[in-house]
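Residue-level structure breakdown
As a plain string of letters, each chain reads:
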Amino acid sequence: MPSRRFDQARPFLTLGILVAVWLILPGAVKSFLRASFFELTAPVTLAASKVRDLQDFWALRSHSKTELIEAGRDQARINASYEVAVQQTAELKAEIARLETLLRLPSRDQYRLEHARVARRDFSAWWQRIVIRKGRDHGIPVGAPVVFSGGVVGRVAEVHAMIAVVELITSPGVRLAGVVEGDSRPISFQGGSNPAFAPPTGIVELMPLDIIASPTSPKRLVTSGYGGVFPPGLTLGTIVRAELGSDGLHKSGEVRLDERLGSLTEVTVLVPLDVDAPAPVRSSP
Amino acid sequence: MNLRRLALLCAPLLLLWAIQTEVNHLLSSRQLFFFAGGLYVAFIALTQPFGAGLAAVLIAGLACDANAPVAFGTHAALFGFAHNIIHRMRDRIPKEDAVAGTLLALFTNFGLFLVFVAILSPGGAAHLPRLAADLVCSQVLVALAAPWFAALQSRCIDLVETALALRAERLR
């Protein structure tokens, strides 16, 4: 009978021994294994992303010539307005450079822009991450801010040879300092619960009492520039609710984030220029 | 432990991981998440010898761990534990019955999801509706995918058995 009991417990004993060995395994071995398993699955992620691109390409090819001509015409209009904006930007940059030289100020160009396709989106209640198709080979460092046309996306959490993982600002664990547009007092922003079938939301805390926000008069929340990760003035979201906090000294509230964060296909990594990263091997998107 | 058997057991699990990530990519715009832990474990634990089955689910768990911001080994340990429980009960579960297999995958998925909620829960009642939506979505997708995945795995296992039988015959 004891032998039969032991036979029944043997699977759990085996697993227990494996878990015990795993717990005493050095961290370096675990890190190596983690990186190995990630790199093992990375080609699958990349291949799936490329196949999706090909699928989109064939879908677009099925459009008629008339649609193509209309799209080209619209694109030409957008390009014309962008060309004007580019000229204005160049003039303003030249003006800034002239003033910097006159006043002997440090240069404001702190970032290089690295555009990247999104290979995978992974949004659960526990984490919100995307995988981009650029990594160490393109000079992307850990911690670099990631943006898109609607504002801040998040920051680079892991970098691998060909791909990088970005933790989104919608993640419940993300905290950063923001300010209400036109105000200089910092507010604590945190990724919130992201209800299904609804736009992502965040939470703001430690908000000054004089800031009033409601769904009818929302306030734009932007990055403060404190902490050194995100440059100041990038859109985080809009504060749609502000209520007196439990301490009675500050307000807390809800931030409505950009809906497009859930369907990102292309993002831009702001690579700090002073980072001691190796020069990018590739520069193509 | 036969390495060929292990490789052929891991191949469908890697395919399942790829499909799961693609489904999650598509569901992300609706803020939904597909958790497929039960599928990784149920059929292997039901049909495979202990050593090869445990090794395969541990490898699948480590692949999941490498792609998630959790302590490395969390998925592997939980998959291993679920594998052992099913392996212990498998004499009482009809192996050939697709409905029984699907129900087992659903129960395993439900149990694993609850354990993950307990371990990783961001806290607060605000997250409960989202977790409930993720659970419902996962269970529906597991119920849909389970018969196909069971058939795929049994075909892979048939391949292994045939290859091993041929090899044994050649050696004889």
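Before reading on, note that the structure itself is shown above.
Presented here is an overview of the structure given in this document. Quick caveat: nothing in here was measured; it's all calculated off a predicted structure.

**Focus on the overall build of chain A**
- On a plain count of helices and strands, chain A comes out with three helices and twelve strands.
- Over its C-alpha trace chain A gives a radius of gyration of 24 Å, far above what one expects of a compact globule, namely 19 Å for 285 residues.
- Considered along the principal axes of its C-alpha atoms, chain A spans approximately 85 × 60 × 45 Å.
- Out of the 285 residues in chain A, the part that is buried amounts to 30%.
- In chain A, once contacts between residues fewer than 6 apart in sequence are set aside, the share between residues at least 24 apart is 59%.

**Points about the packing of helix H1 (residues 3-27) of chain B against helix H6 (residues 128-171) of chain B**
All names here are of chain B.
- The interhelical angle for the contact between H1 and H6, taken along N-to-C directions, is 155°, at an axis separation of 9 Å. With respect to H6, the axis of H1 lies roughly antiparallel. Here H1 runs over H6; the crossing is right-handed. Contacts between H1 and H6 involve Arg 4, Arg 5, Leu 8, Leu 9, Ala 11, Pro 12, Leu 16 and Val 23 on the former and, on the latter, Leu 141, Phe 149, Leu 152, Gln 153, Cys 156, Leu 159, Val 160 and Ala 163.
- Looking at the contact of H1 with H6 residue by residue, the class counts come to 13 nonpolar, one polar and two charged.

**Examining the nonpolar core**
- Core analysis: the largest hydrophobic core is formed by 53 residues, its most contacted members being Leu 39, Val 41, Ala 42, Ala 56, Val 57, Ala 60 and Phe 79 of chain B.
- When residues of this core are assigned to their parent elements, the largest contribution, twelve residues, is made by helix H3 (residues 50-66) of chain B.
- Aside from chain neighbours lying at most four places away, what touches Ala 42 of chain B is Ile 86, Gly 101, Leu 104, Ala 105 and Thr 108 of chain B.
- Among the nonpolar cores identified, the runner-up in size contains 42 residues, and Val 152, Phe 189, Met 207 and Ala 213 of chain A belong to it.

**Brief notes about helix H2 (residues 27-61) of chain A**
- Relative to the 51 Å expected for 35 residues at 1.5 Å per residue, H2 of chain A spans 50 Å between its end C-alpha atoms, a close match to the ideal helical length.
- Largest kink in H2 of chain A: about 30°, centred on Thr 41 of chain A, with the proline Pro 43 of chain A one to four residues after it.
- For H2 of chain A, the set of buried residues is Phe 37, Phe 38, Thr 45 and Ser 49 of chain A.
- Of the surrounding elements, those touching the buried residues of H2 of chain A are strand S1 (111-123) and strand S2 (128-132) of chain A together with H1 and H3 of chain B.

**Structural notes on the interface of chain A and chain B**
- Chain A puts 34 residues into the contact, and the matching count from chain B is 36 residues.
- Among the secondary structure elements, those contributing two or more residues to the side of chain A that touches chain B are helix H1 (2-24), H2 and S1 of chain A.
- Per-element accounting of the side of chain A that touches chain B gives the leading share, nine residues, to H2 of chain A.
- For the side of chain A that touches chain B, a count of residues per class yields 20 nonpolar, eight polar and six charged.

**Looking at unusual backbone geometry**
- The residue Phe 197 of chain A is not glycine, and still its phi comes out positive at about 55°.
- Relative to the elements of secondary structure, Phe 197 of chain A occurs in the loop between strand S7 (187-191) and strand S8 (201-207).
- The phi dihedral of Gln 31 of chain B falls on the positive side, at around 55°, and the residue is not glycine.
- Mapped onto the secondary structure, Gln 31 of chain B falls in the loop between H1 and helix H2 (37-47).
- The exposure class assigned to Gln 31 of chain B is buried, which follows from the 25 C-beta atoms found within 10 Å.

**As for the sheet that holds S1 of chain A**
All names here are of chain A.
- Spatially, six strands are ordered S1-S2-S5-S4-S3-S12 in a closed barrel, and the strand pairing comes out antiparallel. Averaged over all neighbouring strand pairs, the angle between strand axes comes to 45°, with direction disregarded.
- Most of the contacts of H2 go to S1, to which it runs at about 95°, and overall it touches S1 and S2.

**Observations regarding the sheet that holds strand S9 (residues 219-223) of chain A**
Residues and elements named next belong to chain A.
- If you trace the six strands once around the closed barrel, you get S6-S7-S8-S11-S10-S9, paired in antiparallel fashion. Pairs of neighbouring strands in the sheet enclose a mean axial angle of 40°, with direction left out of account.
- Looking at chain direction, strand S10 (residues 235-244) and strand S11 (residues 251-256) are connected through six bridges and run antiparallel. Within S11, the position partnered with Arg 241 by the bridge is Glu 254.

Cut-off values and rules
- Residues numbered from 1 in each chain as written.
- Chains lettered and ligands numbered in written order.
- Predicted model: local features only at pLDDT ≥ 70, side-chain atom pairs only at ≥ 80, totals over all residues.
- Helix = DSSP H or I, 4+ residues; strand = E, 2+ residues; numbered from the N terminus.
- Rg over C-alpha atoms; globule rule 2.2 N^0.38 Å.
- Buried ≥ 20, exposed ≤ 12 C-beta atoms within 10 Å, placed from the backbone.
- Contact = placed C-beta atoms within 7 Å.
- Axes fitted to C-alpha atoms, helices over the stretch in contact; angles between N-to-C directions.
- Parallel < 35°, antiparallel > 145°, perpendicular 65-115°, else oblique.
- Left-handed = near helix turned anticlockwise from the far one by under 90°.
- Nonpolar A, V, L, I, M, F, W, Y, C, P; charged D, E, K, R; others polar.
- Core = buried A, V, L, I, M, F, W, Y, C linked by C-beta atoms within 7 Å.
- Expected span 1.5 Å × (residues − 1).
- Bend = angle between axes of the 7 residues up to and from the residue.
- Pairing = 2+ DSSP bridges.

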